[in-house]
Protein chains: 4
Amino acid sequence: MANLGFVGLGVMGSRMAKRLLDAGHSVTGYNRTRSKAQWLLDAGMKWADSPRAVAEATEITFSMIANTQALEAVTGGADGILAGLSAGKIYVDMSTVSPAAVRDLAIQVEAKGAQMLDSPVSGSVTTLEEGKLSFMVGGKRDTFEKVLPILQAIGPKATYVGANGLAVSMKVATNLSLAVQMLAFSEGVLLAEKSGIARETAVEVLLNSVMASPMVKYRGPFVLKMPDEAWFDVNMMQKDLLLALEMGLQLDVPLPTTAIANQMLTAARGMGLADKDFAIIFEVLARMAGVK
Amino acid sequence: MANLGFVGLGVMGSRMAKRLLDAGHSVTGYNRTRSKAQWLLDAGMKWADSPRAVAEATEITFSMIANTQALEAVTGGADGILAGLSAGKIYVDMSTVSPAAVRDLAIQVEAKGAQMLDSPVSGSVTTLEEGKLSFMVGGKRDTFEKVLPILQAIGPKATYVGANGLAVSMKVATNLSLAVQMLAFSEGVLLAEKSGIARETAVEVLLNSVMASPMVKYRGPFVLKMPDEAWFDVNMMQKDLLLALEMGLQLDVPLPTTAIANQMLTAARGMGLADKDFAIIFEVLARMAGVK
Amino acid sequence: MANLGFVGLGVMGSRMAKRLLDAGHSVTGYNRTRSKAQWLLDAGMKWADSPRAVAEATEITFSMIANTQALEAVTGGADGILAGLSAGKIYVDMSTVSPAAVRDLAIQVEAKGAQMLDSPVSGSVTTLEEGKLSFMVGGKRDTFEKVLPILQAIGPKATYVGANGLAVSMKVATNLSLAVQMLAFSEGVLLAEKSGIARETAVEVLLNSVMASPMVKYRGPFVLKMPDEAWFDVNMMQKDLLLALEMGLQLDVPLPTTAIANQMLTAARGMGLADKDFAIIFEVLARMAGVK
Amino acid sequence: MANLGFVGLGVMGSRMAKRLLDAGHSVTGYNRTRSKAQWLLDAGMKWADSPRAVAEATEITFSMIANTQALEAVTGGADGILAGLSAGKIYVDMSTVSPAAVRDLAIQVEAKGAQMLDSPVSGSVTTLEEGKLSFMVGGKRDTFEKVLPILQAIGPKATYVGANGLAVSMKVATNLSLAVQMLAFSEGVLLAEKSGIARETAVEVLLNSVMASPMVKYRGPFVLKMPDEAWFDVNMMQKDLLLALEMGLQLDVPLPTTAIANQMLTAARGMGLADKDFAIIFEVLARMAGVK
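Along every chain, residues carry numbers that run from 1 in the direction the sequence is written. The order in which chains are written sets their letters, starting at A; the order in which ligands are written sets their numbers, starting at 1. Only residues with pLDDT of at least 70 are given local features in this predicted model, and only at 80 or more are side-chain atom pairs given and counted; all residues enter the totals for whole chains, interfaces and linings. Water and hydrogen atoms were dropped before computing side-chain values, which therefore reflect all heavy atoms in the structure.

**Re the overall build of chain A**
For step 1, the next point in the chain: A run of H or I in DSSP counts as a helix once it spans at least four residues, and a run of E counts as a strand once it spans at least two, with each numbered from the N terminus. The number of helices and strands found in chain A is 14 helices and 9 strands.
For step 2, the next point in the chain: Rg of the C-alpha trace for chain A: 20 Å, near the compact-globule value of 19 Å for 292 residues, within the 12% margin.
For step 3, the next point in the chain: If one aligns the C-alpha atoms of chain A with their principal axes, the spans along those axes are about 65 × 45 × 35 Å.
For step 4, the next point in the chain: Split into buried and exposed, the 292 residues of chain A put 63% on the buried side. Two things to know: the radius of gyration comes from C-alpha atoms, and the globule rule equals 2.2 Å times the number of residues to the power 0.38. Exposed residues in this analysis have more than 50% of their type's maximum accessible area, buried residues have under 20%, and partly exposed residues fall in between, with area computed by a 1.4 Å probe over protein chains only.

**Observations regarding the interface of chain C and chain D**
For step 1, the next point in the chain: Residue-level contacts link 59 residues of chain C with 59 residues of chain D.
For step 2, the next point in the chain: In total, about 5000 Å² of surface goes out of reach between chain C and chain D, with carbon and sulfur atoms giving 72% of it.
For step 3, the next point in the chain: Two parts placed together each lose some accessible area under a 1.4 Å probe, and adding up what both lose gives the buried area. Together, C:Glu187, C:Leu191 and C:Val210 form the three largest contributors to the area buried by chain C at its contact with chain D, with a combined 15%.
For step 4, the next point in the chain: Salt bridges are counted wherever a side-chain nitrogen of Lys or Arg sits within 4 Å of a carboxyl oxygen of Asp or Glu. Our count for the chain C to chain D interface comes out at 2 salt bridges.
For step 5, the next point in the chain: We note a salt bridge from C:Lys157 to D:Glu204, for which the minimum N-O separation is 3.5 Å.
For step 6, the next point in the chain: Polar contacts, as counted here, are pairs of nitrogen or oxygen atoms within 3.5 Å of one another; within protein the pair requires one atom able to donate a hydrogen and one able to accept it, and residues that are adjacent in sequence qualify only if both atoms are side-chain atoms. The interface formed by chain C and chain D includes 20 residue pairs in polar contact (both at pLDDT 80 or more).
For step 7, the next point in the chain: Put simply, the parts of the chain that give the side of chain C that touches chain D at least two residues each are β8 (134–139), β9 (157–162), α9 (166–195), α10 (199–207), α11 (214–219), α12 (234–251), α13 (256–270) and α14 (281–288) of chain C.
For step 8, the next point in the chain: With 20 residues, α9(C) is the single largest residue contributor to the side of chain C that touches chain D.
For step 9, the next point in the chain: Among the residues making up the side of chain C that touches chain D, the classes are represented as 35 nonpolar, 19 polar and 5 charged. The criterion used for residue contact is that any of the two residues' heavy atoms lie within 4.5 Å. Basically, the charged four are Asp, Glu, Lys and Arg, the nonpolar ten are Ala, Val, Leu, Ile, Met, Phe, Trp, Tyr, Cys and Pro, and anything else, Gly included, counts as polar.

**Digging into the side chain of A:Thr143**
All names here are of chain A.
For step 1, the next point in the chain: Counting through the fold element by element, Thr-143 comes out in helix α8 (residues 141–151).
For step 2, the next point in the chain: On the basis of relative accessibility, which here comes to 2%, the residue Thr-143 falls in the buried class.
For step 3, the next point in the chain: Contact partners of Thr-143, with chain neighbours within four places excluded, come to Ile-90, Gln-115 and Leu-117.

**What about the relation of the copies chain B and chain A?**
For step 1, the next point in the chain: The transformation that overlays chain B on chain A combines an axial shift of 0.0 Å with a rotation of 180°, and the residual RMSD is 0.1 Å. What the superposition gives is, in effect, a two-fold axis relating one chain to the other. Nearest to the rotation axis, the C-alpha of B:Ser213 is located 1.7 Å from it, this being the minimum over chain B.
For step 2, the next point in the chain: Counting the interface residues of chain B, we find that 100% of their copies in chain A are interface residues as well, pointing to one common contact surface. Copy-to-copy alignment: least squares on C-alpha atoms, limited to residues at pLDDT 70 or above in both.

**Topic: the packing of helix α13 (residues 256–270) of chain A against helix α9 (residues 166–195) of chain B**
Two quantities define a packed helix pair, namely the angle between the helix axes and the distance between the axes.
For step 1, the next point in the chain: Where α13(A) contacts α9(B), the two axes come as close as 8 Å, and the packing angle between them is 105°. Classified by the angle their axes make, α13(A) and α9(B) are roughly perpendicular. Residues A:Pro256, A:Thr257 and A:Thr258 of α13(A) pack against B:Leu183, B:Ala184 and B:Glu187 of α9(B).
For step 2, the next point in the chain: Here the contact of α13(A) with α9(B) is built from residues that sort into 3 nonpolar, 2 polar and 1 charged. Only the stretch in contact is used when a helix axis is fitted, and all axes are lines through C-alpha atoms; the angle between N-to-C directions ranges over 0 to 180 degrees. Under this scheme an angle from 65 to 115 degrees is roughly perpendicular, one under 35 degrees roughly parallel, and one over 145 degrees roughly antiparallel; angles in between are oblique.

**Comments concerning the interface of chain B and chain A**
For step 1, the next point in the chain: Contacts between the two partners involve 59 residues from chain B, matched on the other side by 59 residues from chain A.
For step 2, the next point in the chain: Summed over both partners, the interface of chain B with chain A comes to about 5000 Å²; 73% of that surface belongs to carbon and sulfur atoms.
For step 3, the next point in the chain: When the buried surface of chain B facing chain A is broken down by residue, B:Glu187, B:Leu191 and B:Val210 rank first, second and third, together holding 15% of it.
For step 4, the next point in the chain: For the interface between chain B and chain A, the tally reads 2 salt bridges.
For step 5, the next point in the chain: Breaking the side of chain B that touches chain A down by element, the ones donating at least two residues are β8 (134–139), β9 (157–162), α9, α10 (199–207), α11 (214–219), α12 (234–251), α13 (256–270) and α14 (281–288) of chain B.
For step 6, the next point in the chain: Broken down by element, the side of chain B that touches chain A gets its largest block of residues, 20 residues, from α9(B).

**Notes on helix α4 (residues 68–75) of chain B**
All names here are of chain B.
For step 1, the next point in the chain: Restricting attention to buried positions, one finds in α4 the residues Leu-71, Val-74 and Thr-75. Considered in projection along α4, the buried side chains sweep an arc of 95° and stay on one side of the axis. Those residues of α4 that are exposed and aimed more than 90 degrees away from the buried face are Gln-69, Glu-72 and Ala-73.
For step 2, the next point in the chain: Positioned one or two residues after α4, Gly-77 has a phi angle of 80°, which is positive. Throughout, the arc means that of the directions going from the helix axis to the C-beta atoms.

**Describing the pattern of salt bridges**
For step 1, the next point in the chain: Inspection of the entire model under this criterion finds 44 salt bridges over all chains.
For step 2, the next point in the chain: Close ionic contact of A:Arg269 with D:Asp252 constitutes a salt bridge, the shortest N to O distance being 2.2 Å. Remark: D:Asp252 occurs in the loop between α12 (234–251) and α13 (256–270) and A:Arg269 occurs in helix α13; the pair is interchain, linking two chains. In this pair, the class of A:Arg269 matches that of D:Asp252, namely buried.

**Considering the nonpolar core**
For step 1, the next point in the chain: What we call a nonpolar core is a set of buried Ala, Val, Leu, Ile, Met, Phe, Trp, Tyr and Cys residues that are connected through their side-chain atoms within 4.5 Å. With 244 residues, the main nonpolar core has A:Met170, A:Phe185, B:Phe185, C:Phe185 and D:Phe185 as its most contacted residues.
For step 2, the next point in the chain: With residues up to four places along the chain from it excluded, the contact list for A:Phe185 reads A:Val203, A:Leu206, A:Leu207, A:Met211, A:Val216, A:Gly220, A:Val223 and B:Ser177.

**Regarding the packing of aromatic side chains**
For step 1, the next point in the chain: By convention, a stacked pair of Phe, Tyr or Trp rings (six-membered ring in the case of Trp) has centres within 6.5 Å and planes under 30 degrees apart, an edge-to-face pair has planes over 60 apart, and any other such pair is tilted. In this structure the tally under the stated criterion is 28 aromatic pairs over all chains.
For step 2, the next point in the chain: Judged by centre distance (5.2 Å) and plane angle (40°), the ring pair of A:Tyr218 and A:Trp231 falls under tilted. Of the two residues, A:Tyr218 sits in helix α11 (residues 214–219) while A:Trp231 sits in the loop between α11 and α12 (234–251), which places them 13 residues apart along the sequence.
For step 3, the next point in the chain: Note on D:Phe232 and D:Phe278: the rings are 6.2 Å apart at their centroids and 85° apart in plane angle, and the pair reads as edge-to-face. Note that D:Phe232 is positioned in the loop between α11 (214–219) and α12 and D:Phe278 in the loop between α13 and α14 (281–288), a separation of 46 residues in sequence.
For step 4, the next point in the chain: Judged by relative accessible area, which is 0%, D:Phe278 ranks as buried.
For step 5, the next point in the chain: An aromatic cluster of three or more residues is present, and its members are A:Tyr218, A:Phe222 and A:Trp231.

**Some remarks on the relation of the copies chain C and chain D**
For step 1, the next point in the chain: With an RMSD of 0.1 Å, chain C superimposes on chain D once it is rotated by 180° and translated 0.0 Å along the axis.
For step 2, the next point in the chain: The share of interface residues of chain C whose copies in chain D are also at the interface is 100%, consistent with both copies meeting through the same surface.

**Things to note about the pairing of strand β5 (residues 90–93) of chain D**
Consecutive residues of a regular strand have side chains that alternate between opposite faces of the sheet.
Residue and element names in this part refer to chain D.
For step 1, the next point in the chain: Every second residue of β5 is oriented toward a common face, with Ile-90 and Val-92 on one face and Tyr-91 and Asp-93 on the other, all of them buried.
For step 2, the next point in the chain: Pairing of strand β4 (residues 60–63) with β5, which is carried by 4 bridges, proceeds in the parallel orientation. Bridge assignment links Phe-62 to a residue of β5, and that residue is Val-92.
For step 3, the next point in the chain: In this description, strands pair whenever DSSP reports at least two bridges between them. Bridging between β5 and strand β6 (residues 115–118) involves 4 bridges; their strand directions are parallel. The residue of β6 that forms the bridge with Val-92 is Leu-117.
For step 4, the next point in the chain: Traced from β5 through helix α6 (residues 99–111) to β6, the parallel crossover comes out right-handed. A clockwise course of the path from the first strand over the helix to the second, judged with the strands pointing away from the viewer, identifies a crossover as right-handed.

**Details of the confidence of the model for chain A**
For any part of a model where pLDDT is low, the fine detail of the predicted coordinates should not be relied upon.
For step 1, the next point in the chain: Per-chain confidence: chain A averages 95 in pLDDT, with 100% of residues scoring 70 or above.
For step 2, the next point in the chain: Taken together, the chains of this predicted complex give a pTM of 0.92 and an interface ipTM of 0.91. The score called pLDDT rates the predictor's confidence residue by residue, from a low of 0 to a high of 100.

**Some words on helix α9 (residues 166–195) of chain D**
Residue and element names in this part refer to chain D.
For step 1, the next point in the chain: Across its 30 residues, α9 extends 44 Å between first and last C-alpha, which sits within 8% of the 44 Å expected from 1.5 Å per residue.
For step 2, the next point in the chain: Of all 30 residues in α9, 27 are buried; the element is thus mostly enclosed.
For step 3, the next point in the chain: Trailing α9 by a residue or two, Gly-196 shows a phi angle of about 120°, which is positive. Under the convention used throughout, the expected extent of a helix is 1.5 Å for every residue step, that is, one less than its residue count.

**Comments concerning the side chain of D:Asp277**
For step 1, the next point in the chain: Within the secondary structure, D:Asp277 sits in the loop between α13 and α14.
For step 2, the next point in the chain: If sequence neighbours within four positions are ignored, D:Asp277 has contacts with D:Arg219, D:Phe222, D:Met226, D:Pro227, D:Ala230, D:Trp231, D:Phe232, D:Asp233 and D:Val234.

**Observations concerning the pairing of strand β2 (residues 26–30) of chain B**
All names here are of chain B.
For step 1, the next point in the chain: With respect to burial, β2 is a largely interior element, 4 of its 5 residues being buried.
For step 2, the next point in the chain: As paired strands, strand β1 (residues 3–7) and β2 are joined by 5 bridges and run parallel to one another. Bridging across to β2, Gly-5 finds its partner in Thr-28.
For step 3, the next point in the chain: Taken together, β1, helix α1 (residues 11–22) and β2 constitute a β-α-β crossover, and its handedness is right-handed.

Structure representation (structure tokens):
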């Protein structure tokens, strides 16, 4: 069993750390707010007083952070992860941040004699809890092979995609489909509803059809009742789409459906719905169709 | 066990009939080309010389026909299904044809004292063979309940959506997502590929992600190698999109992603790719991106 | 000076007839409602009791009719234009109807020994009154050359585009830009307005810029105050876009901006704005942007 | 007559300076490459050895610069325009640069006791030479009124839009229509051409129709023969669209046609056409339609 660290014990991170504990690993954790990690401490996790302390105390440090800026905060400075890394250690970041930020960080990690992987995930809290989370991994292949058995304690499928930064690129290339699929789903629900089919029935049929991706299965019912709290809101989804559109521009890849879905999310913000789960794209289309 | 009929023993229809035979039902079949049905006759199916003869000989007649015009050919005239129907019989059409044609046909069936269901399917040959096909069903609810156990011999899930014609509407509302999802999938593959990730790897990651609907899992690999024979070609897919767009126009439902996917399929035809599986939408986008 | 006939003395037709009178031609007219033509009779126009009587009494008969169905009503039957045509006469239809209907009509005209031109116009009432209307003309070239000097009494520019029906095709290819230009104009006005520029100012600047087509100059001010009566409403505009989309489908021409503008007009109908001038596309976008 | 300065004597700037000379004003100019300004010196322009020297020697200094970075080069530093400004002087920048850069510059100008206007133009070299250029002006209104008579020597129409930076915002809101109009124009030309109308004829008819904006009149013929040298290439046009899309994102204004035109320009780059005039969007669509 390995000696692991985990920085960033939020909704996703904490559940990942728990799965590592459950698999029998030693886990040392750090979170900005300690109280939120109490249940993990009760389950056997050790505490460290800083990201640096986590990295110093363990062989492999994982992090799961909200965005590029927050990632820089936990990796840099006197108390940061970088300060705690040394030869032979491995740092695995699971956040979805900009590919450029990941590449920069990997260079700094290697300057310490350590190795980095970027390993963003595909899936939600539910996917994670069902043990079905999948990973895309960027970095050196032999580092990937060392870490693979540990990742599999979290989710069954990890695919090596290439050099550092490429896993984040792959994540962005994946996420554009989420917004587009929800928009097409919404078009179908509204067509069915205006044909005379109950919205509940339309959703049920679609969720049993060949177009029902895991994401649609999970988020489709939101068009019947939006969740009280957004799991991935309009602003978050649009940040991923913008990253995709920026990549498309740099790499000369036209992204027609991404561009249209992005404009519909802009309309969601125009209509005052920015903090709703991005499934609210249905509501934007419904208003355009004159459906209450 | 029931006394069933089946008209239209093509790729889908023949496999459906086989599942009915396997479930222990008596099946009497008719196909324009008898030789194609030999394997079913070998498996115990009885032959009838016309659609009318099928309907006369059985309690419930199923049909699976390519398009509206062909459906009219097997239902009308002296040898048609209508001529063979009488009080108490049931006719179940599984084709994807225009809702208006279905409504007209249902009226003629009722004039015979019989009942009709429209029961299009969601899924491909593969889905059917895996026993995972799902049905949407339109017609009278008590007729639906009578036929339900028999449908379940073909696929596990049948959802009653309302009056005759509505199941076909629901089917169209489902199918628009197929083209849109393949286009968004293609955007993601090309973004990943131009980032430096091998196309094979990009496809693998996407197929293991939350965006991988059954349709994407099935058709996504086509961007690595197009099938020799299209299973659902550009023209077929575009016919369904046009039916969706026509419904959107009549019902005042804007369909932005459907409209864009439709234009990309038009481009596929412009580029001479009309007879390819509609996954060729990837090739259209690849040419726009300058990818060979 | 020529001996001319005019059938269909509506808003556009009557003003055209007046220009022909003003140019010194003899004009014999017919309109379903005679009272609407009184001012033309006062100005020297002769009256005929049927479309047939117009064609019998004159060398060249013009018509300006609302749609394909109405055109069939004035050309067919015992009292129709066709019944009044004979060898050597010319019939010029200026309506925007389906290319197929025009081609059929031309064949019937030739069977009478007469010649037909389809000659739809580009421009509004205002353009007409300013003497700036332009024509596209389909039919035999020598017939076009005979009629050209007379058309020029109505508007300065007539372009021969080819065989019968092609002028109507050309008209449709022109009109798609009207909806698209108004949508792009609306995007610009809303961007400027939300930047802090008064809507009036934004409109003024745009109307003085290189993007100000005659149509935009005319219709742009509608975003400040919609006219009480639509000059070309959402339904009319969408009919032209649908004709374009149908042509695109048949001819394999992708029409991305036409498709998007069409969906926005569908949204206008969904929002209950079908009978407004199509400049109401601004209102659709404004609602999406949360602008009152 | 006024004592004026002009920095940036490129294709547009030099022709503006010439119009100021022709109007009887004294003009002192500076350009990075003096030789390009020889024809203006021959026409009576005075030379200054730096942007600073221009500002020191004159009451009102104009500049016309390619982009934000180049503007910073001529305004900042020891030899820059800012260094030459003092109380009572006026600085008018006609470049299309980012609104934020303009606002920053205006603050620095006011710190010198001087006043700034941002005054981008609508129109091309041709528009300028025909004396039809129009201006949008941002800054203090009384400064605008002082400069107005001088602007009118260059072009007839200048509209005050509000505070510094707003004129550049207005320019961006205008320019998005250029790409969209060319794309819609291309759709029309290809529809007509595939209907059987010669491309030359289709262009001629469109240029005589109500959709023919000054920009379309100027650029439309490029679909018959692309110019040897681009006047506004794909990269330039796309920069303006990206600025519009960024504004739309910040201000919550959906920009559906802008987004689509932008993706088609990305396709132009994917096809290797980045350095062509943006009218090459026609070629992108033609390839999608299978037209050579």
